[in-house]
Structures are given as structure tokens and as C-alpha cells.
Amino acid sequence: MAAETIAGKLEKARILPLVLLARGEKITLTDDIIVFVFPVYAAGIPAIVERSLANLKINGNPYIAVVATCDSSAGAALGIFDKCLHRFCGRSLDAGWVVYMPGNYTPLYGAESPEKTCRKLSVAESRINGLAAAVGCRQKHRIETIPAPFSWLPEISWRIFAVNVRRADNHFRASAACIGCGLCAKVCPVDNITLNSKNRPQWHHQCEQCMACLQFCPVEAIQCFWWTRGRRRYHHPQLTVDKLVAQKA
Ligand SMILES: Cc1cc2nc3c(=O)[nH]c(=O)nc-3n(C[C@H](O)[C@H](O)[C@H](O)COP(=O)(O)O)c2cc1C
Ligand code: SF4
Ligand code: SF4
């Protein structure tokens with residue numbers, strides 16, 4: 001959603017879902033301004049973001065910024081991204097900002113009350129509007145990250161997360177409450193879910209841990225470890241099933 005707001009404020013902007021790059025499409029960017037927007041995962045970046053960069057070529061001399069969303073701490077995420085950008089595209093960031101959003105990692109916590117969520121979203125929205133203006137005038141800004149040498153610990157723990165992420169769907173189960181609607185398969189950005197002959201979801205070990213299946217299930221049948229049962233679900237209010245499906249097209 002942050003990406004939509006920023007793109008909406010820039011002239012002639014387009015949004016390129018990273019999921020396309022991660023599928024193996026090679027893309028060359030020739031734009032003057034490039035902004036990467038992604039959530040923080042495990043104090044680092046989603047594994048799919050790293051894989052996407054491997055398929056990206058950047059031509060010319062663009063201004064490059066990052067806006068990373070997180071619920072409490074971005075850890076080493078922006079530093080890790082900057083290193084990946086350098087490794088795969090030979091570029092460095094001109095600016096890197098963090099925006100605090102409501103969290104969606106249900107295995108660790110349930111969503112906050114609707115009132116608190118609303119307040120956090122409105123603070124985030126005004127920050128994103130400010131960042132869109134900064135990006136529009138190519139403002140340079142320090143990269144908001146844990147600096148070296150203190151970043152080694154979050155970098156290692158993130159790498160362990162990234163190496164194991166695809167099989168982390170071993171912890172997902174659909175309870176007897178499942179009505180076989182197939183929404184979980186529909187919203188999965190990497191098509192990691194199919195329905196079996198009994199119309200129950202099956203996960204295929206290509207997971208990115210985005211939690212969309214768990215958050216969008218209309219009857220809260222999906223659990224990730226047993227203790228997510230009864231925890232309040234959350235996804236950004238402007239994120240719809242149609243938008244998630246469109247990203248994959
Ligand atoms: C697998 C996973 C790991 C996460 N790790 C972190 C983290 O290390 N630090 C943090 O502050 N938030 C973490 N989060 C929370 C997300 O960063 C946060 O919910 C997201 O940025 C919200 O933005 P969105 O609604 O636009 O997706 C994590 C979420 C997931 C799904
Ligand atoms: S979204 Fe929920 S109810 Fe629908 S098929 Fe998936 S697990 Fe079952
Ligand atoms: S929707 Fe579910 S299965 Fe698909 S990547 Fe996200 S967490 Fe994994």
C-alpha cells in the first residue's frame with residue numbers, strides 16, 4: 001500500500017511487483033527515480049526481494065531509494081538490501097527510510113485493537129506522504145539501519161530465516177472450520193497452495209511467509225503453530241484479494 005501512495009504522488013510512476021522478477025522475468029529499468037518498497041522480515045528483507053534483484057538490471061544514473069515497512073524494528077533490513085543491490089545491480093542507495101505499520105506476523109502476536117491499528121495507519125500514511133515528496137525531489141538521506149559492526153547478528157539470523165523460509169509452511173494447518181473456498185490459494189503471491197480432492201489447502205514448500213493465506217481466510221481456519229488460534233488477524237485495509245491476484249498477472 002505504501003508503494004501505491006508513493007507512486008500516486010510521482011509523475012508518470014508505475015508499480016512493478018517484485019513477484020514478477022522473482023518468477024525469473026529479466027527486467028531492465030531505465031527510469032530516473034526507482035523506489036523499492038517492501039516489508040521487513042526477520043530483521044532483514046523478504047527472501048523474494050533478494051531473488052528479484054538477481055533478475056534486475058538498472059541502466060543510467062537513477063536516484064534509488066527504499067521504503068521498508070515494519071511493526072517495531074527494521075533491524076539490518078536496509079543495510080542488507082543495500083548490500084544486495086550492490087552485489088546484483090552494482091548500485092548503492094541514495095536514501096533508505098523505515099515506516100512503522102501494524103504488524104501481521106501472527107505466530108508472534110495477534111493484531112492490535114482496531115482503534116490502535118487505525119492510529120498507527122494514520123501516522124504511517126502521513127509519513128509515507130512526506131517520503132513521497134522527498135523521493136520526488138531526489139532527497140538524499142542516511143540509510144536507517146543497524147550499522148556495521150553491530151549488524152552481524154541480525155544479518156546471520158536473517159540469513160537463517162531466508163534459507164529456511166520456503167519450507168516454513170510445514171507449520172501451516174487448516175482446521176475443520178475450513179469451508180474449501182480456495183481464497184488462500186488465490187491470494188498466495190507465489191502460488192504455493194493448491195486444494196486437494198477434499199477441498200483442503202496443501203502447501204508446497206515454496207512459501208515466503210507473507211501470511212496472506214492466514215490473514216485472508218474468511219473463517220480463520222489457517223493456523224501457523226497451534227497458538228495462532230484465536231489471535232486477531234490483520235491485513236492492510238486497502239489490500240484486497242483482487243489486488244493480490246492482479247500482482248501475479
Ligand atoms: C515473516 C515476517 C517477519 C517479520 N519480521 C519483522 C521484523 O523483524 N521486525 C518488524 O518490525 N516487523 C516484522 N514483521 C512485520 C511486518 O514487517 C509488517 O507487518 C509489515 O511491514 C506491515 O506492512 P504491510 O501491511 O504493508 O505489509 C514481519 C512480518 C512477517 C510476515
Ligand atoms: S481460505 Fe480458509 S476456508 Fe478457504 S480454503 Fe483456504 S483454509 Fe479453507
Ligand atoms: S500466502 Fe501463505 S503459503 Fe503463500 S507465501 Fe504467503 S504465507 Fe506462504
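Residues numbered from 1 in each chain as written. Chains lettered and ligands numbered in written order. Predicted model: local features only at pLDDT ≥ 70, side-chain atom pairs only at ≥ 80, totals over all residues. Heavy atoms only, no water.

Requested: an account of the site of ligand 1, with residues and values cited.
In the vicinity of ligand 1 there are 18 residues, among which Val40, Ala43, Thr69, Ser72 and Ser73 approach most closely. Valine 40 places a polar main-chain atom, nitrogen or oxygen, 2.8 Å from an oxygen atom of ligand 1. In the model, an oxygen atom of ligand 1 is placed 2.8 Å from a nitrogen or oxygen of the serine 72 main chain. Coverage of ligand 1 by the protein chains reaches 87% of its 640 Å² of free accessible surface. Residues of the shell around ligand 1, tallied by class, amount to 11 nonpolar, six polar and one charged. (Near = heavy atom within 4 Å. Polar contact = N/O pair within 3.5 Å; in protein donor to acceptor, adjacent residues only side chain to side chain. Areas by Shrake-Rupley, 256 points an atom, 1.4 Å probe, with all protein chains shown as cover. Nonpolar A, V, L, I, M, F, W, Y, C, P; charged D, E, K, R; others polar.)

With reference to specific residues and values, describe the sheet that holds strand E4 (residues 63-70).
Taken in spatial order, the three strands of this open sheet run E2-E4-E5, and their pairing is parallel. If you trace the sheet from one side to the other, it starts and ends with strand E2 (33-39) and strand E5 (95-100), each paired once. Recorded for the sheet is a direction-independent mean angle of 20 degrees between the axes of neighbouring strands. When E4 meets E5, the two strands line up parallel, connected through six bridges. Bridging from a neighbouring strand, cysteine 70 pairs with tyrosine 100 of E5. (Pairing = 2+ DSSP bridges. Helix = DSSP H or I, 4+ residues; strand = E, 2+ residues; numbered from the N terminus. Axes fitted to C-alpha atoms, helices over the stretch in contact; angles between N-to-C directions.)

Any chance you could break down the site of ligand 2 for me, citing the residues and the numbers?
Lining the immediate environment of ligand 2, one finds Cys178, Ile179, Gly180, Cys181, Gly182, Leu183, Cys184, Pro201, Cys217, Pro218, Val219 and Ile222. Class assignment for the residues of the shell around ligand 2 results in 10 nonpolar, two polar and no charged.

Report on the domain arrangement of the protein, specifying residues and quantitative values.
By domain assignment, the protein separates into domain 1 (2-161) and domain 2 (167-248). Between domain 1 and domain 2, the C-alpha centre-to-centre distance is 24 Å. The interface of domain 1 with domain 2 comprises 26 residues on the first partner and 21 residues on the second. For the pair domain 1 and domain 2, the summed buried surface comes to about 1,800 Å²; carbon and sulfur atoms form 56% of the total. On the domain 1 side of the contact with domain 2, Thr106, Pro107 and Ala111 bury the most area, a combined 28% of that side's loss. Our count for the domain 1 to domain 2 interface comes out at two salt bridges. (Domains from an automatic or database assignment. Contact = heavy atoms within 4.5 Å. Buried area = accessible area lost by both parts, 1.4 Å probe. Salt bridge = Lys/Arg side-chain N within 4 Å of Asp/Glu carboxyl O.)

An account of the pattern of salt bridges is requested, with residue identities and associated values reported.
This model, assessed by the stated rule, comprises nine salt bridges. Lysine 243 is the partner of glutamate 4 in a salt bridge, and the nearest nitrogen-oxygen pair spans 3.4 Å. Taken together, the positions of glutamate 4 in helix H1 (residues 2-9) and lysine 243 in helix H9 (residues 241-248) put the pair 239 residues apart, joining distant regions of the chain. Residue glutamate 4 is classed as partly exposed on the basis of its relative accessible area of 35%. Look at lysine 243 and you get partly exposed, because its relative accessible area is 29%. Note that lysine 140 is salt-bridged to aspartate 94, the shortest N-O span being 3.0 Å. Of this pair, lysine 140 sits in the loop between helix H5 (114-136) and helix H6 (152-164) while aspartate 94 sits in the loop between helix H4 (77-89) and E5; the two residues are 46 residues apart in sequence, bridging distant segments of the chain. (Buried < 20%, exposed > 50% of the residue type's maximum accessible area, 1.4 Å probe, protein only.)

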